[in-house]
Amino acid sequence: MHSKKLLRSLQEIVGKDFATTDRFATFAYSQDTSVFGGTRAETVVRPGSTEEVSRIMTLAHQQRIPVVVRGGGSSVYGQPQGLPGSNLLLDMTRMNTIIDFNPENMTVTTQAGIIMGKLQHACNQAGFYIFTPSAPVHTVSLGGWMSGAAGGAGIWREVMHLTVVLPNGTIVKTGGGPGTNVNQPLYYNRHLGGPDFTGLFIGDGGSFGIKTEATIRLVGLPHVTRARIVEFSTLEKVLELILRHVKRVDPHPFNPLLVFGPGAMETFIPGSGEKGKFTVMGIMQGHTIKEMEAKLDTFDALVAEMHAERNPALDAMTDAMSTSREGEGGMEMFGLDFFNGLGLPAWLPFNMPRASFHTTYPKLIEWREKRLEEATRKGFECRSRFEFFTPGDQCYLSGEVDAFFKDSDDPELKEFVRTMIFDFQRYTHELGFIDVYNQGVMSTLNAHYWSLGFRTLYHTVKSTLDPHGILNPGLWF
Amino acid sequence: MCGNKVTTGVPYICPVRESTPGFDHFYSRGKIVIARGLLEGEIEPSQELAEAIFSCTLCGNCMTQCGSINQDTGDALVDTTKIVEAMRADFLENHPKWVDPAYRSILSSTRQYNNPWGLSRTAKEKWAKKMKLKNAKREPSPVLLFVGCTMASSQELSTRARKAAEIMSTAHVDFAILGKDEPCCGSVQKRIGDVALAREMMEENTNLFNSLGCEAIVTLCAGCANMLKNDYRESKEKLKPRVFHIVELLPKLIQEEKLQLREKHSLKATYHDPCHLGRHMGIYDQPRAVLNALPGVDLIERYARRENTICCGAGGGMRIFESGSLAEQIGQAAVESAIQVGAEALVTACPFCEINLQTAAQKLDAPCAVYDIVDLVAERISLY
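Keep in mind the model is a prediction, meaning the values are calculated, not measured.

Draft legend 1. Highlighting the pairing of strand S17 (residues 382-391) of chain A. All names here are of chain A. For S17, a buried count of seven out of ten residues is recorded, marking the element as mostly surrounded by other parts of the structure. As judged from the two bridges shared by strand S13 (residues 257-260) and S17, these two strands associate in the antiparallel manner. Of the residues in S17, the one forming a bridge with Val259 is Phe389. Bridge analysis of S17 against strand S18 (residues 396-405) gives nine bridges, and the strand direction is antiparallel. When the sheet's bridge partners are listed, Phe389 is paired in S18 with Gly399. Remark: four residues form the turn of the hairpin made by S17 and S18, two consecutive strands paired antiparallel.

And the structure:
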């Protein structure tokens, strides 16, 4: 339990209304959107600026108070647990202001507690967007996304600068232009002028520092979008298409391909999954109709050459999708509402090399089906399956082989789902892959597979930046 | 339910979170977690917790934006409004000392005067003086005009009842009123958590309405409409008359040319969807059809509209909570959004919205006036 003196000190920093030790208020943070849960905290603070975060961390560092950081609270694998009984939780979502929108330089600098949907929308309004590859990320905070690699990590290469508060309260600004990495007012190159410390703080799970601001590169919002949906009977054909597609063009940010497995199509269109086909959606985006049509023609020629099957029902879907964009850019709009109605999700995401995908992907499906048989024996009803993958770049595929259960209050069902999610990631590690998220319980799992050298490097960095181990303790180990 | 989903037309989800320090307990996710904590005995009730629970407009935007559906029933998977109402009921029943006395006074007024505002029983017939309207108890009519307690609560609002009656008379709608015998529908009582009292009122009212032999009840208040149409489904006796809000009737009267609309001054108007009518009843097109049909009225839309409308702030008993300061703050955001699109008139169809938006507009010295849709129709059939 934290002292009243600590609360008063925090209130002096953030204002009286933005720090609380009320039991019900801190309890409200004990759950997030995942089945793994939130953080038990003694005090919750909502800082409004980098300076406030710095002063809080200075205080925590001096008094050795464990600090757990929370963004949008919409994780897949839960929040850092910290040290229950002593945690000071920083709710970062008050830091949601866009600081600088620079259309000329095509960058946006924003506080990192902003929810991605809000940021994306603001960018769209100005004719730009931030590419987010494979997940509906509207509900996550920018800081959480960068820390936990939510959504397949696709934004990482677009991050030009970070303002980070180190565990001792020091404020660091990474990136910048040639000659300086400190207080550079215009962040336009992440790599020049010094080591890429921006990368150090991305995917760290929030354990090296607290990201308070970021500058992200923008791309022009494509005004015209059409989809071409075709079917293939075999996975091999799909992979051949992907290879030929990514050889020609970078799938980011304007040429994404989405592939849906039979289970997903059954969920979209009941009855269609029985055919056992893979459905490929090529999304053709352009700044003009002419540009989009040229892309569509090229893609059509490619799928025709590969004898892809067309289907009138899917063509109708194509037309519907083409008119439903309403100016929103990117793929992140896809599917968000759709998932909400499917039931209790067992999210089973993966990142796999494209080269060996044809042998590993069927193993993931097989693994899931075995677990679903077990679920049936236990009396848990799987209502939907959802298999999906997309080229994250030229060399890897990112996707999911999810299952959705009929929801109930049964704690055994929740436990079954938790175990299923965890075991799936363990299985993908055994197959030689990495987990998609550096988040919650999966951080510990990832760290389990680190090499001795990597582990030593991590500990060296962590103990240098956070000698008392106060920031998100226990996240990786 | 994360409460984070900002997309096109949705500037933010929870108006309370936006106007408060914004901790999780100020919006749906935190409230749901707290409900679980209370049920499982992990947290204790307190005055501060009571304040958190009563700080909700019950607007339902969190449910709408979340979109999670129970696959078996098609209903919202997590019905936040029901959870909050249930927590309020628990506090009123088991920890009344922590509930704002203003809420308790609403309940005692209801018991004493059969309305939440402490109006004398005759207040409900004052507006109809010299109008020679039929009394539904004595002269059965196919339509009952149900004015509602809030419409009768001030002279200004009650002119609305008068205008509605005149519009219906002009259109030769055969209707009657209940005057001083008009009961309270029980909406306010249910929203603030006195489920038992609301149920009692519902059962009594259902018997009364069924005994009148009318085919339809037309309300002027969005809260009454939602209560009578949706909540009354839970009553033991089925409510026989069909329930409509007047915005559902007006387009028909206009379309059938039962109202001769005349050109008045030109007016750029925007429509504020009351939560009870919009998100809870799905009534979006009808009021817009009315406004589009009114000569001189130029309907312009605000950024957040229809199912994405941000609550005016007065829902869920919030006009009473903290003397209405939070409601007013939320209302100011709604008025500002009307100013942003250059509206000269902010039009709504609910007395709660009207009062709150009016107060907010005055506070902001806003260049747009607040109207009930009935005002604009009445003006254009030259009643006033």
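Draft legend 2. Layout of the packing of aromatic side chains. Following the criterion strictly, the structure yields 27 aromatic pairs over all chains and no others. In this structure an aromatic cluster arises from ring pairing among Phe208, Trp450, Phe454, Tyr458, Trp476 and Phe477 of chain A. Taking the ring centre of Phe18 of chain A as reference, the NZ or CZ of Arg94 of chain A above it sits at 3.6 Å. Between Lys229 of chain B and the ring centre of Phe244 of chain B, over which it is positioned, the NZ or CZ distance is 5.8 Å.

Draft legend 3. Molecular detail of the interface of chain B and chain A. Listed by partner, the interface residues are 34 residues for chain B and 39 residues for chain A. A combined buried area of about 2900 Å² lies between chain B and chain A, and 55% of that area is made up of carbon and sulfur atoms. One salt bridge in this structure joins Arg40 of chain A and Glu42 of chain B, with 3.0 Å as the shortest N-O distance. Applying the counting criterion to the chain B and chain A interface returns nine residue pairs in polar contact (both at pLDDT 80 or more). The set of elements that each furnish at least two residues to the side of chain B that touches chain A consists of helix H2 (28-39), helix H3 (47-54) and helix H4 (61-66) of chain B. With six residues, the single largest contributor to the side of chain B that touches chain A is H2 of chain B. Taken together, the residues that form the side of chain B that touches chain A break down as 13 nonpolar, 13 polar and eight charged.

Draft legend 4. Structural context of empty space enclosed by the protein. All names here are of chain B. A complete count under the given rule lists nine cavities of 30 Å³ or more for this structure. Its volume calculated, the largest cavity comes out at about 140 Å³. Among the elements of the structure, helix H1 (15-18), H2, H4 and helix H5 (80-94) are those that each provide at least two residues to the lining of the largest cavity. When grouped by side-chain class, the residues that make up the lining of the largest cavity number ten nonpolar, seven polar and one charged.

Draft legend 5. Representation of the nonpolar core in the model. Leu145 and Phe209 of chain B are the most contacted members of the largest nonpolar core, which has 128 residues in total. Every residue in contact with Phe209 of chain B, bar those within four places of it in the chain, is listed here: Leu144, Phe146, Leu178, Pro183, Cys214, Ile217, Leu228, Tyr232, Leu239 and Pro241 of chain B. By size, the runner-up hydrophobic cluster in this structure holds 54 residues, among which are Phe299, Ala346, Leu372 and Ala403 of chain A.

Draft legend 6. Representation of the confidence of the model for chain A. In the predicted model, chain A carries a mean pLDDT of 88, and the fraction of residues at 70 or more is 92%. This stretch, residues 323-334 of chain A, has a pLDDT under 50; its non-local contacts, to residues over four places away or in other chains, come to 37 contacts.

Draft legend 7. Summary view of the pattern of salt bridges. Counted by the stated rule, this structure contains 47 salt bridges over all chains. Note that Arg418 of chain A and Glu415 of chain A form a salt bridge whose closest N and O atoms lie 3.1 Å from each other. Pair noted here: Arg418 of chain A and Glu415 of chain A are both in helix H13 (residues 411-430), with a separation of three residues, about one helical turn. Taking relative accessible area as the criterion, Glu415 of chain A reaches 41% and is therefore assigned partly exposed. Between Glu182 of chain B and Lys124 of chain B there is a salt bridge, and its shortest N-O distance comes to 3.9 Å.

Draft legend 8. Seen up close, the layout of surface pockets. Residue and element names in this part refer to chain B. Its volume calculated, the second largest pocket comes out at about 760 Å³. Along the walls of the second largest pocket sit 25 residues, with Met63, Asp79, Thr81, Lys82 and His280 positioned nearest its centre. Put simply, the parts of the chain that give the lining of the second largest pocket at least two residues each are H4, H5 and helix H9 (187-191). Among the elements that take part in the lining of the second largest pocket, H5 stands out by supplying three residues, more than any other.

Draft legend 9. View of the state of the cysteines. All names here are of chain B. Using the criterion set out here, one finds zero disulfides over all chains in the structure. With no disulfide of its own, Cys275 lies closest to Cys311 among cysteine sulfurs, the gap being 3.8 Å. Judged by its relative accessible area of 11%, Cys275 falls in the buried class. Cysteine Cys353 shares no disulfide, and the gap to the nearest cysteine sulfur, in Cys312, comes to 3.8 Å. We classify Cys353 as buried; its relative accessible area is 4%.

Draft legend 10. Spotlight on the side chain of Ser158 of chain B. Residues and elements named next belong to chain B. Inspection of the secondary structure puts Ser158 in helix H8 (residues 155-170). In this structure the side chain of Ser158 is engaged in a polar contact, spanning 2.9 Å, whose partner is the backbone oxygen of Gln155. What Ser158 contacts, discounting residues up to four positions off in sequence, is Trp127, Met151 and Ala152.

Draft legend 11. Layout of helix H16 (residues 373-380) of chain B. Counting buried positions over the eight residues of H16 of chain B gives eight, a clear majority of the element. Within H16 of chain B, burial applies to Ile373, Val374, Asp375, Leu376, Val377, Ala378, Glu379 and Arg380 of chain B.

Draft legend 12. Geometry of the packing of H3 of chain B against H5 of chain B. Residues and elements named next belong to chain B. Close contact between H3 and H5 brings their axes to 9 Å; oriented N to C, the two are set at 145 degrees. Relative to H5, the crossing made by H3 is left-handed. On H5, the residues that touch Leu49, Ala50, Ile53 and Phe54 of H3 are Val84, Met87, Arg88 and Phe91. Grouping the constituent residues of the contact of H3 with H5 by class yields seven nonpolar, no polar and one charged.

Draft legend 13. Representation of the sheet that holds strand S1 (residues 19-20) of chain A. Residue and element names in this part refer to chain A. Spatially, S1-S2-S4-S3 is the arrangement adopted by the four strands of the open sheet, whose pairing is mixed. The open sheet is flanked by S1 and strand S3 (67-70), the only strands paired with a single partner. As paired strands, S3 and strand S4 (residues 88-91) are joined by four bridges and run parallel to one another. Within S4, the residue paired with Val68 across the bridge is Leu89. Where helix H3 (residues 50-63) meets the sheet, its contacts fall on strand S2 (43-45), S3 and S4, and the angle it forms with S4 comes to roughly 170 degrees.

Draft legend 14. Main features of the sheet that holds strand S4 (residues 216-219) of chain B. All names here are of chain B. Pairing within the open sheet is parallel, and its five strands lie in the order S1-S3-S2-S4-S5. Every other strand in the sheet has two partners, leaving strand S1 (134-135) and strand S5 (242-245) as the edge strands with one partner each. Pairing geometry for strand S2 (residues 143-146) and S4, over four bridges, is parallel. Looking at S4, one finds that Leu144 is bridged to Ile217. Strands S2 and strand S3 (175-177) of the sheet are contacted by H8, whose axis makes an angle of about 160 degrees with S2. Sheet strands in contact with helix H12 (residues 246-255) are S4 and S5, and its direction is about 80 degrees off that of S5.

Rules and cut-offs
- Residues numbered from 1 in each chain as written.
- Chains lettered and ligands numbered in written order.
- Predicted model: local features only at pLDDT ≥ 70, side-chain atom pairs only at ≥ 80, totals over all residues.
- Heavy atoms only, no water.
- Buried < 20%, exposed > 50% of the residue type's maximum accessible area, 1.4 Å probe, protein only.
- Helix = DSSP H or I, 4+ residues; strand = E, 2+ residues; numbered from the N terminus.
- Pairing = 2+ DSSP bridges.
- Phe/Tyr/Trp six-rings, centres within 6.5 Å; stacked < 30°, edge-to-face > 60°.
- Lys NZ or Arg CZ within 6 Å of the ring centre and 35° of its normal.
- Contact = heavy atoms within 4.5 Å.
- Buried area = accessible area lost by both parts, 1.4 Å probe.
- Salt bridge = Lys/Arg side-chain N within 4 Å of Asp/Glu carboxyl O.
- Polar contact = N/O pair within 3.5 Å; in protein donor to acceptor, adjacent residues only side chain to side chain.
- Nonpolar A, V, L, I, M, F, W, Y, C, P; charged D, E, K, R; others polar.
- 1 Å grid on protein atoms, 1.4 Å probe; cavity = no way out; pocket = protein on both sides within 12 Å on 5 of 7 lines; lining within 4 Å.
- Points joined across faces, edges and corners; volume = space filled by probe spheres on them.
- Core = buried A, V, L, I, M, F, W, Y, C linked by side-chain atoms within 4.5 Å.
- pLDDT = per-residue confidence, 0-100.
- Disulfide = S-S within 2.5 Å.
- Axes fitted to C-alpha atoms, helices over the stretch in contact; angles between N-to-C directions.
- Left-handed = near helix turned anticlockwise from the far one by under 90°.

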